[in-house]
Amino acid sequence: MIPAGKRNELSKLEALMAEDSSLPLAGQANLVFGEGDVDAAVMFIGEAPGETEDRLRRPFVGRGGQLLDRMIGAIGWRRADVYITNIVKRRPPGNRDPLPEEIAAYRPYLARQIDVIDPRVIVPLGRFAMCYFLPDAKISRDHGRAWTVDGRVVYPVYHPAAALRSPDMMRAFQEDFKKLPGVAAGN
Ligand code: URA
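Just so you know, these numbers come straight off a predicted model, no measurement behind them.

(A) Structural detail: the environment of G46. Residue position: G46 is located in strand 2 (residues 42–46). Given the relative accessible area of 0%, G46 is considered buried. Taking C-alpha positions, G46 is 4.3 Å from N86, a pair spaced 40 residues apart along the chain.

Here you go:
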């Protein structure tokens, strides 16, 4: 699909989501749909928006987002060249973990968003996004490993917020990012 067609499809999907009052958290928080290059080869998927993301209606723009931006820059990429979104697209109250029923309710929309963007590589950020693709995986064991799921490479890494909390996780996060250009190139 040409980028203009993708942009159109994504706008329609965002409008559908905005109107879907059956979605959990609808009416309680802003919809943070996602942003970036609609033709990106690499899509980053987090857990759910936080307070800053809710306010600005953009994914990963708080402290975790700043770390993600630095890591994307450190491997010579630009944020504008990838696509960034979350599995649950509204902020859970008090930044609690997303509930299984919230993940399930938002799932068909994320599936469609992935179909339209059609990235070669998906980078789940943290265990909730990882388990969406790899239900039996364990983030402490399986971060930085490339899997094939439905014809796409899935390469989970720690969540930036976890990396900010723990020096060990930060080291692993940085090491995993260093390998990402090779993973994206198919090495
Ligand atoms: N954490 C996430 O998982 N997603 C965001 O957009 C921000 C913080």
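(B) Structural view of the layout of surface pockets. Considering only enclosed or pocket space, the largest pocket measures out at about 720 Å³ in volume. In this structure, the largest pocket is lined by 29 residues; those nearest its centre are E47, H159, A161, A162 and R165. Listing elements by their share of the lining of the largest pocket, those giving two or more residues are helix 2 (51–56), helix 3 (63–74), helix 5 (127–133) and helix 7 (160–165). In terms of residues, the lining of the largest pocket owes the most to one element, helix 7, which gives four residues. The class makeup of the residues in the lining of the largest pocket is 11 nonpolar, 10 polar and eight charged. Estimates place the volume of the second largest pocket at around 190 Å³.

(C) Spatial organisation of the site of the ligand. Within the structure, the ligand sits among G46, E47, A48, P49, E53, P59, F60, N86 and H159. Contact between the ligand and E47: an oxygen atom at 2.8 Å from a main-chain N or O atom of the residue. Between the ligand and A48 there is a distance of 3.0 Å, counted from a nitrogen atom to a backbone nitrogen or oxygen. Compared with its free state, where it exposes 240 Å², the ligand has 89% of that area covered by protein.

(D) Quick peek at the packing of helix 1 (residues 3–19) against helix 4 (residues 100–117). Orientation of helix 1 relative to helix 4, taken along the N-to-C sense of each, is 170°, at an axis distance of 10 Å. Compared by their axis directions, helix 1 and helix 4 come out roughly antiparallel. Only Y106, Y109, R112, Q113, V116 and I117 of helix 4 make contact with helix 1, whose side of the interface consists of K6, E9, L10, L13, L16 and M17. For the contact of helix 1 with helix 4, the class distribution of residues is eight nonpolar, one polar and three charged.

(E) Representation of the sheet that holds strand 4 (residues 121–124). Read across the open sheet, the six strands follow the order 1-3-2-4-6-5; overall the sheet is mixed. What marks the edges here is a single partner per strand, and that holds for strand 1 (35–36) and strand 5 (147–149). Bridge analysis of strand 1 against strand 3 (residues 83–86) gives two bridges, and the strand direction is antiparallel. Bridging from a neighbouring strand, E35 pairs with I84 of strand 3.

(F) Helix 1, seen in detail. In a regular helix each residue adds 1.5 Å, so 17 residues correspond to 24 Å; helix 1 covers 24 Å between its end C-alpha atoms and thus fits that length. If you check which residues of helix 1 are buried, you get K6, L10, L13 and M17. Looking down the long axis of helix 1, one finds its buried residues gathered within 60° of arc, a one-sided arrangement. Lining the buried residues of helix 1 we find strand 3 and helix 4.

(G) Region of interest: the environment of D142. You can see D142 is positioned in helix 6 (residues 139–142). Separated by 14 residues in sequence, D142 and P156 place their C-alpha atoms 7.2 Å apart. D142 has contacts with A137, W147 and P156, leaving out every residue within four places of it along the chain. Within the structure, D142 has its side chain in polar contact with the side chain of R145 (distance 2.7 Å).

(H) How the structure looks around the packing of aromatic side chains. Per the stated rule, a full pass over the model turns up three aromatic pairs. Measuring from centroid to centroid gives 5.9 Å for F44 and F177, while their planes differ by 5°, and the two rings are stacked. Pair noted here: F44 is in strand 2 and F177 is in helix 8 (residues 167–184), with a separation of 133 residues, a long-range link. Here F44 and F177 have matching classes, each one buried. Aromatic ring contacts, followed pair by pair, group F44, F173 and F177 into a single cluster. Positioned above the aromatic ring of Y132, the side-chain terminus of R107 is 4.0 Å from the ring centre.

Quick notes on the rules
Residues numbered from 1 in each chain as written. Predicted model: local features only at pLDDT ≥ 70, side-chain atom pairs only at ≥ 80, totals over all residues. Heavy atoms only, no water. Helix = DSSP H or I, 4+ residues; strand = E, 2+ residues; numbered from the N terminus. Buried < 20%, exposed > 50% of the residue type's maximum accessible area, 1.4 Å probe, protein only. 1 Å grid on protein atoms, 1.4 Å probe; cavity = no way out; pocket = protein on both sides within 12 Å on 5 of 7 lines; lining within 4 Å. Points joined across faces, edges and corners; volume = space filled by probe spheres on them. Nonpolar A, V, L, I, M, F, W, Y, C, P; charged D, E, K, R; others polar. Near = heavy atom within 4 Å. Polar contact = N/O pair within 3.5 Å; in protein donor to acceptor, adjacent residues only side chain to side chain. Areas by Shrake-Rupley, 256 points an atom, 1.4 Å probe, with all protein chains shown as cover. Axes fitted to C-alpha atoms, helices over the stretch in contact; angles between N-to-C directions. Parallel < 35°, antiparallel > 145°, perpendicular 65-115°, else oblique. Contact = heavy atoms within 4.5 Å. Pairing = 2+ DSSP bridges. Expected span 1.5 Å × (residues − 1). Arc of directions from axis to C-beta. Phe/Tyr/Trp six-rings, centres within 6.5 Å; stacked < 30°, edge-to-face > 60°. Lys NZ or Arg CZ within 6 Å of the ring centre and 35° of its normal.

Worth remembering: the numbers are spatial, not functional.
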